[in-house]
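# Structural overview
Here is what each chain is made of, one letter per residue.
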Amino acid sequence: MLELGLLKSNKERTIQGLKKRNYSDEALLVIDRILAEDEARRNAQVELDNNLAESKRLAGEIGGLLKAGKASEAEAIKATVANLKEQAKDLENAMKVASERLEELLLSVPNIPHHSVPAGKSAEDNEVYKAWDKPLPVLAPGAQPHWELAKKYNIFDLDLGVKLTGAGFPVFRGKGARLERSLINFFLDEASRAGYEEIAPPLMVNKESARATGQLPDKEGQMYYVERDDLYLIPTAEVPVTNIYRDVIVDEKDFPIKMTGYTQCFRREAGSYGAHVRGLNRVHQFDKVEIVQIAHPDSSYEQLEGMIAHVSGLMDKLELPYRILRLCGGDMGFTSALTFDFEVWSAAQERWLEVSSVSNFETYQSNRLKVRFKDGNKTRLAHTLNGSALALARIVAALLENNQTPEGIRIPKVLQAYTGWDIID
RNA sequence: GGAGAAAUGGCAGAGCGGUUUAAUGCGGCGGUCUUGAAAACCGUUGUACUGAAAGGUACCGGGGGUUCGAAUCCCUCUUUCUCCGCCA
(Lines give C-alpha, C1' and ligand atoms only; values in the text may rest on other atoms or scores of the structure.)
Protein backbone atom coordinates (compact mmCIF):
# COMPACT_ATOMS: atom_id res chain seq x y z
CA MET A 1 0.00 0.00 0.00
CA LEU A 2 1.34 3.35 -1.05
CA GLU A 3 2.52 5.59 1.78
CA LEU A 4 0.06 8.43 2.17
CA GLY A 5 2.74 10.77 3.49
CA LEU A 6 4.85 10.23 0.38
CA LEU A 7 1.91 10.97 -1.87
CA LYS A 8 1.05 14.12 0.05
CA SER A 9 4.58 15.46 0.19
CA ASN A 10 5.28 14.79 -3.46
CA LYS A 11 2.16 14.64 -5.55
CA GLU A 12 4.01 15.37 -8.78
CA ARG A 13 6.35 12.42 -8.35
CA THR A 14 3.34 10.17 -7.77
CA ILE A 15 1.66 11.43 -10.93
CA GLN A 16 4.78 10.93 -13.03
CA GLY A 17 5.20 7.45 -11.57
CA LEU A 18 1.66 6.41 -12.37
CA LYS A 19 2.02 7.76 -15.90
CA LYS A 20 4.92 5.37 -16.32
CA ARG A 21 2.43 2.68 -15.42
CA ASN A 22 0.29 4.01 -18.24
CA TYR A 23 -2.32 5.74 -16.08
CA SER A 24 -4.68 7.93 -18.09
CA ASP A 25 -5.53 11.46 -16.98
CA GLU A 26 -8.88 10.17 -15.84
CA ALA A 27 -7.31 7.38 -13.79
CA LEU A 28 -5.00 9.91 -12.17
CA LEU A 29 -8.01 11.56 -10.54
CA VAL A 30 -7.72 8.88 -7.89
CA ILE A 31 -4.99 10.98 -6.30
CA ASP A 32 -7.32 13.90 -5.67
CA ARG A 33 -9.93 11.55 -4.29
CA ILE A 34 -7.34 10.17 -1.89
CA LEU A 35 -6.39 13.65 -0.72
CA ALA A 36 -10.06 14.56 -0.22
CA GLU A 37 -10.79 11.44 1.85
CA ASP A 38 -7.68 12.07 3.92
CA GLU A 39 -8.86 15.55 4.74
CA ALA A 40 -12.35 14.34 5.60
CA ARG A 41 -10.87 11.75 7.92
CA ARG A 42 -8.62 14.25 9.68
CA ASN A 43 -11.41 16.74 10.18
CA ALA A 44 -13.66 14.08 11.66
CA GLN A 45 -10.91 12.94 13.98
CA VAL A 46 -10.15 16.39 15.33
CA GLU A 47 -13.83 16.90 16.14
CA LEU A 48 -14.16 13.46 17.65
CA ASP A 49 -11.04 13.91 19.79
CA ASN A 50 -12.40 17.17 21.18
CA ASN A 51 -15.75 15.57 21.86
CA LEU A 52 -14.18 12.63 23.69
CA ALA A 53 -11.91 14.90 25.70
CA GLU A 54 -14.92 16.83 26.93
CA SER A 55 -16.88 13.66 27.78
CA LYS A 56 -13.93 12.35 29.70
CA ARG A 57 -13.57 15.54 31.69
CA LEU A 58 -17.27 15.59 32.57
CA ALA A 59 -17.28 11.94 33.59
CA GLY A 60 -14.53 12.73 36.07
CA GLU A 61 -16.57 15.61 37.37
CA ILE A 62 -19.57 13.34 37.92
CA GLY A 63 -17.42 11.02 39.98
CA GLY A 64 -16.34 13.91 42.16
CA LEU A 65 -19.90 15.19 42.64
CA LEU A 66 -21.24 11.76 43.53
CA LYS A 67 -18.54 11.35 46.16
CA ALA A 68 -19.44 14.74 47.57
CA GLY A 69 -23.08 13.64 47.72
CA LYS A 70 -24.29 16.15 45.14
CA ALA A 71 -26.42 13.68 43.20
CA SER A 72 -28.72 16.18 41.53
CA GLU A 73 -25.83 18.20 40.08
CA ALA A 74 -24.32 14.99 38.79
CA GLU A 75 -27.57 14.10 37.07
CA ALA A 76 -27.57 17.40 35.23
CA ILE A 77 -24.10 16.75 33.82
CA LYS A 78 -25.08 13.25 32.83
CA ALA A 79 -27.59 14.73 30.41
CA THR A 80 -24.86 16.83 28.78
CA VAL A 81 -22.61 13.81 28.41
CA ALA A 82 -25.41 11.78 26.88
CA ASN A 83 -25.82 14.50 24.30
CA LEU A 84 -22.09 14.54 23.53
CA LYS A 85 -22.19 10.80 23.15
CA GLU A 86 -24.85 11.02 20.48
CA GLN A 87 -22.65 13.35 18.47
CA ALA A 88 -19.63 11.16 19.04
CA LYS A 89 -21.42 8.27 17.36
CA ASP A 90 -21.87 10.27 14.17
CA LEU A 91 -18.31 11.55 14.20
CA GLU A 92 -16.95 8.10 14.79
CA ASN A 93 -18.95 6.80 11.90
CA ALA A 94 -17.80 9.62 9.62
CA MET A 95 -14.21 8.88 10.53
CA LYS A 96 -14.62 5.17 9.95
CA VAL A 97 -16.23 5.66 6.56
CA ALA A 98 -13.54 8.09 5.43
CA SER A 99 -10.76 5.78 6.69
CA GLU A 100 -12.18 2.80 4.87
CA ARG A 101 -12.60 4.72 1.64
CA LEU A 102 -9.10 6.09 1.98
CA GLU A 103 -7.63 2.66 2.47
CA GLU A 104 -9.58 1.21 -0.41
CA LEU A 105 -8.33 3.97 -2.70
CA LEU A 106 -4.76 3.63 -1.53
CA LEU A 107 -4.88 -0.11 -2.13
CA SER A 108 -5.97 0.48 -5.69
CA VAL A 109 -2.83 2.49 -6.46
CA PRO A 110 0.28 0.53 -7.46
CA ASN A 111 3.78 1.31 -6.30
CA ILE A 112 5.60 4.26 -7.81
CA PRO A 113 8.28 2.98 -10.22
CA HIS A 114 11.93 3.74 -9.54
CA HIS A 115 13.36 6.43 -11.82
CA SER A 116 15.36 3.85 -13.76
CA VAL A 117 12.23 1.94 -14.80
CA PRO A 118 11.73 2.30 -18.57
CA ALA A 119 8.38 3.43 -19.92
CA GLY A 120 6.45 0.78 -21.80
CA LYS A 121 3.22 -1.11 -22.14
CA SER A 122 4.10 -4.79 -22.19
CA ALA A 123 6.81 -7.42 -21.91
CA GLU A 124 8.12 -6.35 -25.32
CA ASP A 125 9.21 -3.01 -23.90
CA ASN A 126 11.37 -4.49 -21.17
CA GLU A 127 14.98 -3.42 -21.25
CA VAL A 128 17.68 -6.06 -21.65
CA TYR A 129 19.83 -5.19 -18.67
CA LYS A 130 22.36 -7.95 -19.22
CA ALA A 131 22.34 -9.92 -22.42
CA TRP A 132 23.76 -13.39 -22.95
CA ASP A 133 26.83 -12.60 -25.01
CA LYS A 134 28.07 -16.13 -25.59
CA PRO A 135 26.65 -18.43 -28.22
CA LEU A 136 23.45 -20.23 -27.30
CA PRO A 137 23.71 -24.01 -27.12
CA VAL A 138 23.00 -25.83 -30.35
CA LEU A 139 21.33 -29.17 -29.86
CA ALA A 140 21.90 -32.25 -31.95
CA PRO A 141 19.16 -33.15 -34.42
CA GLY A 142 16.32 -34.96 -32.75
CA ALA A 143 16.59 -32.93 -29.53
CA GLN A 144 13.42 -33.01 -27.50
CA PRO A 145 11.53 -30.62 -25.24
CA HIS A 146 11.64 -31.47 -21.54
CA TRP A 147 8.21 -33.09 -21.42
CA GLU A 148 9.38 -35.66 -23.97
CA LEU A 149 12.65 -36.15 -22.11
CA ALA A 150 10.70 -36.69 -18.91
CA LYS A 151 8.96 -39.69 -20.50
CA LYS A 152 12.15 -41.02 -22.05
CA TYR A 153 14.06 -41.04 -18.77
CA ASN A 154 11.12 -41.36 -16.37
CA ILE A 155 12.01 -38.16 -14.52
CA PHE A 156 8.61 -36.68 -13.88
CA ASP A 157 5.07 -37.59 -14.81
CA LEU A 158 2.28 -35.06 -15.33
CA ASP A 159 -0.34 -37.64 -16.24
CA LEU A 160 0.25 -39.42 -12.98
CA GLY A 161 -0.20 -36.06 -11.26
CA VAL A 162 -3.61 -35.80 -12.95
CA LYS A 163 -4.54 -39.15 -11.44
CA LEU A 164 -3.43 -38.15 -7.96
CA THR A 165 -4.52 -34.52 -7.96
CA GLY A 166 -5.23 -32.79 -11.23
CA ALA A 167 -3.54 -30.94 -14.08
CA GLY A 168 -0.39 -29.04 -13.22
CA PHE A 169 0.80 -31.20 -10.33
CA PRO A 170 3.91 -33.01 -11.52
CA VAL A 171 5.11 -36.20 -9.88
CA PHE A 172 8.89 -36.34 -9.87
CA ARG A 173 10.44 -39.76 -9.61
CA GLY A 174 13.76 -41.54 -9.58
CA LYS A 175 16.59 -39.34 -10.74
CA GLY A 176 14.08 -36.56 -11.38
CA ALA A 177 13.09 -36.46 -7.71
CA ARG A 178 16.74 -36.59 -6.71
CA LEU A 179 17.57 -33.76 -9.11
CA GLU A 180 14.81 -31.68 -7.58
CA ARG A 181 16.12 -32.27 -4.07
CA SER A 182 19.70 -31.60 -5.20
CA LEU A 183 18.79 -28.23 -6.68
CA ILE A 184 16.92 -27.22 -3.51
CA ASN A 185 19.90 -28.12 -1.35
CA PHE A 186 22.32 -26.40 -3.70
CA PHE A 187 20.28 -23.19 -3.70
CA LEU A 188 19.87 -23.20 0.07
CA ASP A 189 23.56 -23.83 0.64
CA GLU A 190 24.47 -20.99 -1.70
CA ALA A 191 22.08 -18.62 0.05
CA SER A 192 23.45 -19.58 3.46
CA ARG A 193 26.96 -18.94 2.22
CA ALA A 194 25.81 -15.50 1.07
CA GLY A 195 24.62 -14.71 4.60
CA TYR A 196 20.92 -15.49 4.37
CA GLU A 197 19.34 -17.11 7.42
CA GLU A 198 17.52 -20.28 6.48
CA ILE A 199 13.81 -20.34 7.33
CA ALA A 200 11.45 -23.29 7.03
CA PRO A 201 8.05 -21.59 7.24
CA PRO A 202 4.45 -22.82 7.22
CA LEU A 203 2.96 -23.46 3.80
CA MET A 204 -0.37 -21.96 4.79
CA VAL A 205 -0.95 -18.45 6.03
CA ASN A 206 -3.85 -16.51 7.49
CA LYS A 207 -5.56 -13.50 5.96
CA GLU A 208 -3.43 -11.03 7.87
CA SER A 209 -0.23 -12.37 6.38
CA ALA A 210 -1.62 -12.58 2.87
CA ARG A 211 -2.81 -9.01 3.17
CA ALA A 212 0.43 -7.68 4.58
CA THR A 213 2.59 -8.79 1.68
CA GLY A 214 -0.03 -7.67 -0.83
CA GLN A 215 -1.46 -10.97 -2.10
CA LEU A 216 -4.81 -9.82 -0.75
CA PRO A 217 -6.83 -8.26 -2.16
CA ASP A 218 -4.82 -8.03 -5.38
CA LYS A 219 -4.22 -11.70 -6.13
CA GLU A 220 -6.93 -13.49 -4.22
CA GLY A 221 -7.92 -15.58 -7.23
CA GLN A 222 -4.36 -16.84 -7.63
CA MET A 223 -4.22 -18.53 -4.25
CA TYR A 224 -5.64 -21.84 -3.08
CA TYR A 225 -7.93 -21.19 -0.15
CA VAL A 226 -8.90 -23.59 2.62
CA GLU A 227 -12.32 -22.32 3.52
CA ARG A 228 -12.91 -24.44 6.58
CA ASP A 229 -9.91 -23.02 8.38
CA ASP A 230 -9.76 -19.68 6.59
CA LEU A 231 -6.18 -20.26 5.39
CA TYR A 232 -4.35 -19.66 2.13
CA LEU A 233 -1.74 -21.93 0.56
CA ILE A 234 1.29 -19.79 -0.07
CA PRO A 235 2.08 -18.80 -3.66
CA THR A 236 5.68 -18.09 -2.61
CA ALA A 237 7.85 -18.27 0.50
CA GLU A 238 7.93 -14.48 0.35
CA VAL A 239 4.60 -14.41 2.18
CA PRO A 240 5.44 -16.28 5.42
CA VAL A 241 9.10 -15.25 5.47
CA THR A 242 8.48 -11.52 5.06
CA ASN A 243 5.63 -11.68 7.56
CA ILE A 244 8.09 -12.77 10.25
CA TYR A 245 8.80 -9.06 10.55
CA ARG A 246 5.20 -7.88 10.45
CA ASP A 247 4.61 -5.28 13.20
CA VAL A 248 8.24 -5.36 14.22
CA ILE A 249 10.41 -2.35 14.95
CA VAL A 250 13.83 -3.47 13.78
CA ASP A 251 17.04 -2.36 15.43
CA GLU A 252 18.85 -0.29 12.81
CA LYS A 253 22.10 -2.15 13.38
CA ASP A 254 20.43 -5.42 12.32
CA PHE A 255 20.06 -4.14 8.75
CA PRO A 256 20.11 -5.69 6.28
CA ILE A 257 18.05 -8.65 7.46
CA LYS A 258 18.63 -11.50 5.03
CA MET A 259 16.48 -14.62 5.00
CA THR A 260 16.09 -17.52 2.66
CA GLY A 261 13.43 -20.19 2.55
CA TYR A 262 12.63 -23.23 0.52
CA THR A 263 8.94 -23.97 0.11
CA GLN A 264 6.61 -25.54 -2.33
CA CYS A 265 4.54 -22.85 -4.00
CA PHE A 266 0.91 -23.17 -4.95
CA ARG A 267 -0.69 -21.14 -7.70
CA ARG A 268 -4.09 -21.59 -9.24
CA GLU A 269 -3.06 -19.94 -12.53
CA ALA A 270 -6.71 -20.01 -13.49
CA GLY A 271 -7.51 -20.06 -17.14
CA SER A 272 -4.04 -20.59 -18.58
CA TYR A 273 -3.84 -23.73 -20.67
CA GLY A 274 -2.30 -24.46 -24.02
CA ALA A 275 0.94 -25.20 -25.80
CA HIS A 276 2.95 -22.39 -24.20
CA VAL A 277 2.31 -23.78 -20.73
CA ARG A 278 3.18 -27.39 -21.49
CA GLY A 279 5.32 -29.54 -19.26
CA LEU A 280 6.90 -27.69 -16.37
CA ASN A 281 6.54 -24.26 -17.94
CA ARG A 282 3.57 -23.47 -15.75
CA VAL A 283 2.34 -25.70 -12.95
CA HIS A 284 0.14 -25.36 -9.88
CA GLN A 285 2.73 -26.64 -7.47
CA PHE A 286 6.45 -26.07 -7.75
CA ASP A 287 9.52 -25.80 -5.56
CA LYS A 288 11.26 -22.51 -5.02
CA VAL A 289 14.02 -21.10 -2.88
CA GLU A 290 13.32 -17.49 -2.12
CA ILE A 291 15.60 -14.80 -0.76
CA VAL A 292 14.11 -11.95 1.26
CA GLN A 293 15.70 -8.81 2.62
CA ILE A 294 14.57 -6.08 4.95
CA ALA A 295 16.86 -3.14 4.41
CA HIS A 296 17.55 0.45 5.37
CA PRO A 297 16.03 2.82 2.79
CA ASP A 298 19.45 4.32 2.12
CA SER A 299 21.00 1.04 1.08
CA SER A 300 18.16 -1.01 -0.36
CA TYR A 301 19.26 -0.53 -3.96
CA GLU A 302 22.75 -1.61 -3.06
CA GLN A 303 21.21 -4.75 -1.55
CA LEU A 304 19.18 -5.26 -4.73
CA GLU A 305 22.46 -5.29 -6.68
CA GLY A 306 23.74 -7.92 -4.29
CA MET A 307 20.70 -10.07 -4.87
CA ILE A 308 21.14 -9.82 -8.64
CA ALA A 309 24.77 -10.84 -8.28
CA HIS A 310 23.71 -13.78 -6.12
CA VAL A 311 21.17 -15.07 -8.65
CA SER A 312 23.63 -14.51 -11.52
CA GLY A 313 26.13 -16.62 -9.62
CA LEU A 314 23.63 -19.47 -9.37
CA MET A 315 22.97 -19.40 -13.10
CA ASP A 316 26.70 -19.31 -13.85
CA LYS A 317 27.37 -22.27 -11.60
CA LEU A 318 24.57 -24.23 -13.23
CA GLU A 319 26.14 -23.37 -16.60
CA LEU A 320 22.82 -22.16 -17.97
CA PRO A 321 22.50 -19.39 -20.58
CA TYR A 322 20.45 -16.52 -19.20
CA ARG A 323 19.68 -12.87 -19.57
CA ILE A 324 18.48 -10.19 -17.18
CA LEU A 325 15.64 -7.83 -18.00
CA ARG A 326 14.73 -4.57 -16.34
CA LEU A 327 10.94 -4.61 -16.42
CA CYS A 328 9.14 -1.64 -17.92
CA GLY A 329 6.34 0.24 -16.18
CA GLY A 330 3.66 -1.76 -17.95
CA ASP A 331 5.06 -5.21 -17.13
CA MET A 332 6.17 -4.65 -13.56
CA GLY A 333 4.25 -6.16 -10.65
CA PHE A 334 1.73 -4.00 -8.82
CA THR A 335 3.71 -3.75 -5.60
CA SER A 336 7.22 -3.37 -6.99
CA ALA A 337 9.30 -0.23 -7.49
CA LEU A 338 11.98 -1.94 -9.58
CA THR A 339 12.08 -5.50 -10.86
CA PHE A 340 14.73 -7.50 -12.67
CA ASP A 341 13.65 -10.74 -14.30
CA PHE A 342 16.04 -13.59 -14.98
CA GLU A 343 15.25 -15.68 -18.00
CA VAL A 344 16.86 -18.98 -18.87
CA TRP A 345 17.25 -20.11 -22.45
CA SER A 346 15.29 -23.24 -23.16
CA ALA A 347 17.13 -24.72 -26.11
CA ALA A 348 14.57 -27.24 -27.25
CA GLN A 349 11.65 -24.84 -26.96
CA GLU A 350 13.85 -22.07 -28.35
CA ARG A 351 12.54 -19.46 -26.00
CA TRP A 352 13.40 -17.62 -22.80
CA LEU A 353 11.72 -18.81 -19.60
CA GLU A 354 11.37 -16.63 -16.53
CA VAL A 355 13.09 -18.27 -13.56
CA SER A 356 13.60 -15.42 -11.16
CA SER A 357 12.14 -12.06 -10.36
CA VAL A 358 14.17 -9.82 -8.08
CA SER A 359 12.43 -6.72 -6.77
CA ASN A 360 12.71 -3.79 -4.44
CA PHE A 361 9.34 -2.84 -2.97
CA GLU A 362 10.70 0.18 -1.13
CA THR A 363 8.04 1.00 1.50
CA TYR A 364 5.05 -0.28 -0.45
CA GLN A 365 5.05 -3.64 1.32
CA SER A 366 6.40 -2.43 4.64
CA ASN A 367 3.58 0.09 4.89
CA ARG A 368 1.20 -2.85 5.18
CA LEU A 369 3.61 -5.01 7.14
CA LYS A 370 4.58 -2.19 9.47
CA VAL A 371 8.24 -3.15 9.46
CA ARG A 372 9.90 -0.11 10.92
CA PHE A 373 13.10 1.12 12.47
CA LYS A 374 14.09 4.03 14.69
CA ASP A 375 15.72 6.93 12.93
CA GLY A 376 16.63 9.18 15.82
CA ASN A 377 13.31 9.54 17.63
CA LYS A 378 11.26 9.05 14.48
CA THR A 379 9.88 5.67 13.40
CA ARG A 380 10.35 5.03 9.70
CA LEU A 381 9.31 2.27 7.35
CA ALA A 382 12.03 -0.11 6.19
CA HIS A 383 12.41 -1.30 2.62
CA THR A 384 11.61 -4.88 1.65
CA LEU A 385 13.12 -6.84 -1.21
CA ASN A 386 12.81 -10.35 -2.50
CA GLY A 387 13.82 -12.61 -5.31
CA SER A 388 13.68 -16.20 -6.44
CA ALA A 389 16.95 -18.01 -6.01
CA LEU A 390 15.63 -19.97 -7.76
CA ALA A 391 12.33 -21.39 -9.04
CA LEU A 392 12.83 -25.06 -9.71
CA ALA A 393 10.39 -26.27 -12.34
CA ARG A 394 11.65 -24.14 -15.19
CA ILE A 395 15.28 -24.54 -14.19
CA VAL A 396 14.74 -28.27 -14.42
CA ALA A 397 13.12 -27.81 -17.82
CA ALA A 398 16.09 -25.82 -19.10
CA LEU A 399 18.63 -28.17 -17.55
CA LEU A 400 17.07 -31.20 -19.18
CA GLU A 401 16.76 -29.60 -22.59
CA ASN A 402 20.08 -27.79 -22.80
CA ASN A 403 22.15 -30.65 -21.45
CA GLN A 404 20.70 -33.47 -23.49
CA THR A 405 23.17 -35.59 -25.42
CA PRO A 406 22.78 -38.85 -27.27
CA GLU A 407 24.17 -40.57 -24.14
CA GLY A 408 21.80 -38.93 -21.70
CA ILE A 409 21.36 -35.72 -19.76
CA ARG A 410 24.55 -34.23 -18.42
CA ILE A 411 24.48 -32.87 -14.85
CA PRO A 412 26.41 -29.64 -14.15
CA LYS A 413 29.52 -30.19 -12.07
CA VAL A 414 28.30 -28.17 -9.12
CA LEU A 415 25.24 -30.41 -8.73
CA GLN A 416 27.08 -33.69 -8.91
CA ALA A 417 28.06 -33.50 -5.27
CA TYR A 418 24.34 -33.40 -4.48
CA THR A 419 23.02 -35.92 -7.01
CA GLY A 420 25.79 -38.46 -6.67
CA TRP A 421 25.80 -39.07 -10.43
CA ASP A 422 26.74 -37.05 -13.52
CA ILE A 423 24.23 -38.22 -16.09
CA ILE A 424 20.58 -39.15 -16.38
CA ASP A 425 20.29 -42.11 -18.73
C1' G B 1 -12.70 -33.14 19.78
C1' G B 2 -14.19 -32.70 25.52
C1' A B 3 -13.39 -30.29 30.57
C1' G B 4 -11.03 -26.45 33.39
C1' A B 5 -7.76 -22.02 33.89
C1' A B 6 -5.59 -17.84 31.80
C1' A B 7 -4.21 -13.54 28.24
C1' U B 8 -1.76 -6.32 31.27
C1' G B 9 4.18 -2.31 28.58
C1' G B 10 10.96 -5.54 26.01
C1' C B 11 10.32 -9.32 30.27
C1' A B 12 8.21 -10.51 35.15
C1' G B 13 4.02 -8.90 37.69
C1' A B 14 0.09 -5.66 40.63
C1' G B 15 -4.56 -3.49 39.63
C1' C B 16 -10.70 -6.42 39.35
C1' G B 17 -16.06 0.18 38.13
C1' G B 18 -14.30 6.69 39.46
C1' U B 19 -6.71 11.42 40.17
C1' U B 20 -4.44 4.69 36.25
C1' U B 21 -1.80 10.52 32.86
C1' A B 22 -1.28 1.37 34.49
C1' A B 23 2.04 0.37 40.76
C1' U B 24 6.56 -2.30 41.53
C1' G B 25 10.83 -5.16 39.97
C1' C B 26 14.13 -6.58 35.99
C1' G B 27 16.07 -5.08 31.39
C1' G B 28 17.36 -0.81 27.94
C1' C B 29 19.16 4.30 27.40
C1' G B 30 21.48 8.89 29.61
C1' G B 31 24.09 10.75 33.84
C1' U B 32 26.83 11.05 38.86
C1' C B 33 30.89 8.42 41.13
C1' U B 34 35.46 5.56 39.10
C1' U B 35 41.97 5.14 35.85
C1' G B 36 38.19 1.71 33.68
C1' A B 37 34.36 -1.61 34.97
C1' A B 38 30.98 -3.42 38.65
C1' A B 39 27.98 -1.77 42.63
C1' A B 40 25.21 2.29 44.39
C1' C B 41 22.43 6.63 43.34
C1' C B 42 19.64 10.14 39.95
C1' G B 43 16.92 10.73 35.51
C1' U B 44 14.59 8.46 31.34
C1' U B 45 12.06 4.44 28.80
C1' G B 46 5.58 1.89 24.05
C1' U B 47 2.72 2.44 19.36
C1' A B 48 -0.57 5.05 16.16
C1' C B 49 -3.47 9.17 14.70
C1' U B 50 -4.09 14.43 15.31
C1' G B 51 -2.09 19.45 16.07
C1' A B 52 2.47 24.93 13.90
C1' A B 53 3.16 24.05 19.07
C1' A B 54 1.40 23.30 23.88
C1' G B 55 -1.47 19.58 23.92
C1' G B 56 -5.46 16.06 22.58
C1' U B 57 -7.38 11.06 21.31
C1' A B 58 -7.04 5.74 20.89
C1' C B 59 -4.71 1.14 22.36
C1' C B 60 -4.33 -3.71 28.97
C1' G B 61 -5.28 -10.74 23.12
C1' G B 62 -9.38 -9.35 18.76
C1' G B 63 -14.52 -7.74 18.12
C1' G B 64 -19.14 -6.22 20.35
C1' G B 65 -22.10 -4.66 24.70
C1' U B 66 -23.54 -2.51 29.82
C1' U B 67 -22.37 2.44 32.33
C1' C B 68 -22.15 9.45 33.12
C1' G B 69 -17.35 6.60 33.64
C1' A B 70 -14.36 -0.10 31.90
C1' A B 71 -7.71 -2.99 32.20
C1' U B 72 -11.73 -4.00 35.84
C1' C B 73 -18.69 -6.22 34.57
C1' C B 74 -21.33 -9.08 30.34
C1' C B 75 -21.29 -11.60 25.33
C1' U B 76 -18.34 -13.57 21.44
C1' C B 77 -13.97 -15.06 18.85
C1' U B 78 -8.74 -16.23 19.00
C1' U B 79 -4.52 -17.96 21.42
C1' U B 80 -1.84 -20.25 25.51
C1' C B 81 -1.55 -23.62 29.74
C1' U B 82 -3.40 -28.19 32.58
C1' C B 83 -6.12 -32.79 32.19
C1' C B 84 -8.70 -36.35 28.91
C1' G B 85 -9.39 -38.31 23.84
C1' C B 86 -7.13 -38.96 18.99
C1' C B 87 -2.54 -39.05 16.37
C1' A B 88 2.78 -38.67 12.43
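Residues numbered from 1 in each chain as written. Chains lettered and ligands numbered in written order. Predicted model: local features only at pLDDT ≥ 70, side-chain atom pairs only at ≥ 80, totals over all residues. Heavy atoms only, no water.

## Focus on the packing of aromatic side chains
One pass over the full model with this rule turns up 11 aromatic pairs. Between the aromatic rings of Trp 132 and Tyr 322, the centroid separation amounts to 5.9 Å while the plane-to-plane angle is 50°, which identifies the pairing as tilted. Of this pair, Trp 132 sits in the loop between strand S1 (127-130) and helix H5 (146-153) while Tyr 322 sits in strand S11 (residues 322-326), and the two are 190 residues apart along the sequence. Its relative accessible area of 2% is what places Tyr 322 among the buried residues. Between Phe 186 and Phe 187, the aromatic rings sit 5.5 Å apart at their centres with planes inclined by 45°, giving tilted as the arrangement. (Phe/Tyr/Trp six-rings, centres within 6.5 Å; stacked < 30°, edge-to-face > 60°. Helix = DSSP H or I, 4+ residues; strand = E, 2+ residues; numbered from the N terminus. Buried < 20%, exposed > 50% of the residue type's maximum accessible area, 1.4 Å probe, protein only.)

## Focus on the sheet that holds strand S19 (residues 423-424)
A sheet is described by the order of its strands in space; here three strands give the open sequence S17-S18-S19, paired in antiparallel fashion. For this open sheet the edge positions go to strand S17 (404-405) and S19, each flanked by a neighbour on one side alone. Strand direction decides the pairing type here: S17 and strand S18 (residues 408-410), joined by two bridges, are antiparallel. Bridge assignment links Gln 404 to a residue of S18, and that residue is Ile 409. With respect to the sheet, H5 is in contact with S17, S18 and S19, its orientation differing from that of S18 by roughly 115°. (Pairing = 2+ DSSP bridges. Contact = heavy atoms within 4.5 Å. Axes fitted to C-alpha atoms, helices over the stretch in contact; angles between N-to-C directions.)

## A look at the protein's contact with RNA strand B
Among the 19 residues in the neighbourhood of RNA strand B, the closest are listed as Arg 41, Gln 45, Asp 49, Ala 59 and Lys 374. Backbone atoms, meaning sugar and phosphate, form 72% of the atoms of RNA strand B found within 4 Å of the protein. In this structure, Arg 41 approaches RNA strand B through a side-chain N or O atom, which is 2.8 Å from a sugar or linking oxygen. In this structure, Lys 85 approaches RNA strand B through a side-chain N or O atom, which is 3.2 Å from a phosphate oxygen. When contributions to the surface near RNA strand B are tallied by element, the ones reaching two or more residues are helix H3 (30-67), helix H4 (71-107) and strand S14 (372-375). (Near = heavy atom within 4 Å. Polar contact = N/O pair within 3.5 Å; in protein donor to acceptor, adjacent residues only side chain to side chain.)

## Let's talk about the confidence of the model for chain A
Per-residue confidence for chain A averages 90 on the pLDDT scale, and 98% of its residues sit at or above 70. Mean pLDDT across the elements of chain A bottoms out in H4 (86) and peaks in helix H10 (residues 300-317) (97). (pLDDT = per-residue confidence, 0-100.)

## Concerning the domain arrangement of chain A
Each domain of chain A was delimited in the assignment, giving domain 1 (22-107) and domain 2 (123-424). For domain 1 versus domain 2, the distance between C-alpha centres works out to 47 Å. The contact between domain 1 and domain 2 buries some 300 Å² in all, and 47% of this surface belongs to carbon and sulfur atoms. Its largest share of buried area at the contact with domain 2, domain 1 owes to Asn 22, Glu 103 and Leu 107, together 89% of the area lost on that side. At the surface where domain 1 touches domain 2, the tally comes to one salt bridge. A salt bridge links Glu 103 to Arg 368, with the nearest nitrogen and oxygen atoms 3.3 Å apart. Connecting domain 1 to domain 2 are one residue pair in polar contact (both at pLDDT 80 or more). For the side of domain 1 that touches domain 2, the per-class residue count stands at two nonpolar, one polar and one charged. (Domains from an automatic or database assignment. Buried area = accessible area lost by both parts, 1.4 Å probe. Salt bridge = Lys/Arg side-chain N within 4 Å of Asp/Glu carboxyl O. Nonpolar A, V, L, I, M, F, W, Y, C, P; charged D, E, K, R; others polar.)

## A closer look at the pairing of strand S15 (residues 378-381)
Where S14 lies against S15, four bridges are found, and the strand directions are antiparallel. Along S15, the bridge assignment pairs Asp 375 with Lys 378. The loop that links S14 with its antiparallel partner S15 comprises two residues; one of these, Gly 376, has a positive phi angle of about 65°.

## Overview of the packing of helix H7 (residues 175-193) against H10
For any two helices packed against each other, the geometry comes down to the angle between their axes and how far apart the axes lie. Relative orientation of the contacting elements H7 and H10 amounts to 140°, with a least axis distance of 11 Å. Relative to H10, the element H7 is oriented oblique. The way H7 lies across H10 gives a crossing that is right-handed. Listed contacts from H10 to Phe 186, Phe 187, Glu 190 and Ala 191 of H7 are His 310, Leu 314 and Lys 317. Residues of the contact of H7 with H10, tallied by class, amount to four nonpolar, one polar and two charged. (Parallel < 35°, antiparallel > 145°, perpendicular 65-115°, else oblique. Left-handed = near helix turned anticlockwise from the far one by under 90°.)

## Quick notes on the sheet that holds S11
The eight strands lie next to each other as S1-S11-S12-S13-S16-S10-S9-S4, forming an open sheet whose pairing is mixed. Two strands in the sheet have a free side with no partner beyond their single neighbour: S1 and strand S4 (197-199). The sheet shows a mean angle of 30° between the axes of neighbouring strands, taken without regard to direction. Bridge count for strand S13 (residues 351-362) against strand S16 (residues 383-391) is four bridges, and the pairing is antiparallel. Each bridged residue has a counterpart across the sheet, and for Val 358 the counterpart in S16 is Gly 387. Along the sheet face, H7 touches S4, strand S9 (257-266), strand S10 (285-295) and S16 and points at about 5° away from the line of S10.

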